[in-house]
Amino acid sequence: MKGKHQIVVQNKRIHFSFSVKRNITLIKGDSATGKTTLFSMIEEYDRLGNDSGIQVQCDKRCTSLSGQYWEDALDRIKDAIVFIDEDSKFVKSNHFAEKIQNSDNYYVIITRENLPSLPYSVEEIYGIHSSGKYKNTRQVYNLLYKLYPDFLATRSDVVQNLLIEDSQSGFQFFSKLAEKYRVGCESAYGKSNIAKKIQEYLKSKRNGMLVVVDGAAFGPEMDRVSKLINRENRIKIYLPESFEWLLLESDILNDGTIRKILDSPEEFIESEKYFSWERYFTELLIEKTQKSPYAYEKTKLPPFYLQDKNLKKIVDKMQTVGIQFVNPAST
């Protein structure tokens, strides 16, 4: 499956409206926020259809998954949007992650917990907002909202230190950038180490740290990290889809077809092939450069990407979301 799909689930009392565009979407929140109600309506419509008094509108089949025989049920579900409730403990397992890795379905997972076995995007973590409860038979309208919108907006310190999730080509690039702007730079050697590194940083007196992670798969870590830095103006977090996406987005290759893809990536990324969007952007960059002198490699970055003009393009792109580097000529 690919593309963006609008979903409306409603009965006479309750109305949910939202869209999904990646293979994994999380709906989080505390009790009494409507999460279980949404799942129950999908499940009831699954069993009774129109006799349930529930309407489900979508260009794809919407279905529920639960119970001890979930594996057999999942094997029969194709090209559908699958809803899973937080009571389904299997969703936390590595086995579940393996089962859906090459699936042509989208998954909407309702949970209060983080799911480290799944590479879901920070962009696709939502809460449910209700317009209020009404008397008599008027509907309660429920909309989804992003839990981590504009996370950089309130953080304006100039970058003095870089913490990079990547330890390969991305780290090579940012190390060169750090050298140019005379700032510190270190690798966390993986997203699971980011929170620990931030804790160490918070104990120091250093200022102006920028944390750079692959937003396309950082969802499981975002809750913990956001709580650490929520009141720390001296720390920013930058969440490009991936380092490869950042290179593509910065127009280093000057390729018009890339711009078209980046404007609506959900129309090009097949969920059955790409468990996370970061994999797609890596393959796209490799494909676009494979016959050139600057063929991209994940482990070793060609000198082309470290040229001053390309460093500047990356910095210019980062500045559009509020990230500030001191002009190297003035340091």
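Residues numbered from 1 in each chain as written. Predicted model: local features only at pLDDT ≥ 70, side-chain atom pairs only at ≥ 80, totals over all residues. Heavy atoms only, no water.

Trainee: Mind showing me how you'd approach the environment of glutamine 160 here?
Mentor: The residue glutamine 160 is located in the loop between strand 9 (140-146) and strand 10 (161-164) in this model. For glutamine 160, a relative accessible area of 43% puts it in the partly exposed group. Distance in space between the C-alpha atoms of glutamine 160 and serine 264 is 34 Å, their sequence separation being 104 residues. With residues up to four places along the chain from it excluded, the contact list for glutamine 160 reads Val183, Gly184, Asn207 and Gly208. (Helix = DSSP H or I, 4+ residues; strand = E, 2+ residues; numbered from the N terminus. Buried < 20%, exposed > 50% of the residue type's maximum accessible area, 1.4 Å probe, protein only. Contact = heavy atoms within 4.5 Å.)

Trainee: How do you make sense of unusual backbone geometry when you look at a structure like this?
Mentor: Negative phi values dominate among residues other than glycine, just as trans dominates among peptide bonds. You will see that arginine 182, though not glycine, has its phi angle at about 55°, which is positive. With phi around 55°, asparagine 254 is a residue other than glycine that occupies positive phi space. In this fold, asparagine 254 is placed in the loop between helix 7 (243-249) and helix 8 (256-263).

Trainee: Would you explain the pattern of salt bridges in this entry?
Mentor: As a working rule, side chains carrying opposite charge can pair if their charged atoms are close by. Inspection of every chain in the model, using the stated rule, returns 18 salt bridges. One salt bridge connects lysine 99 with aspartate 75, and the closest N-O pair in it is separated by 2.8 Å. On the criterion of sequence distance, the pair formed by lysine 99 in helix 3 (residues 94-100) and aspartate 75 in helix 2 (residues 70-75) is long-range, its members being 24 residues apart. Residues glutamate 221 and arginine 224 are paired through a salt bridge, measuring 2.7 Å at the closest nitrogen-oxygen approach. In this pair, glutamate 221 and arginine 224 both sit in helix 6 (residues 219-229), 3 residues apart, roughly one turn of the helix. Taking relative accessible area as the criterion, glutamate 221 reaches 9% and is therefore assigned buried. (Salt bridge = Lys/Arg side-chain N within 4 Å of Asp/Glu carboxyl O.)

Trainee: Sorry, what's going on with the pairing of strand 11 (residues 184-187) here?
Mentor: Two faces make up the sheet, and in a regular strand the side chains alternate between them. By the bridge criterion, 4 bridges tie strand 10 to strand 11 in an arrangement that is parallel. By the bridge assignment for strand 11, leucine 163 is matched with glutamate 186. Following the backbone out of strand 10, through helix 4 (residues 169-181) and into the adjacent parallel strand 11, one traces a crossover that is right-handed. (Pairing = 2+ DSSP bridges. Right-handed = clockwise from strand over helix to strand, strands pointing away.)

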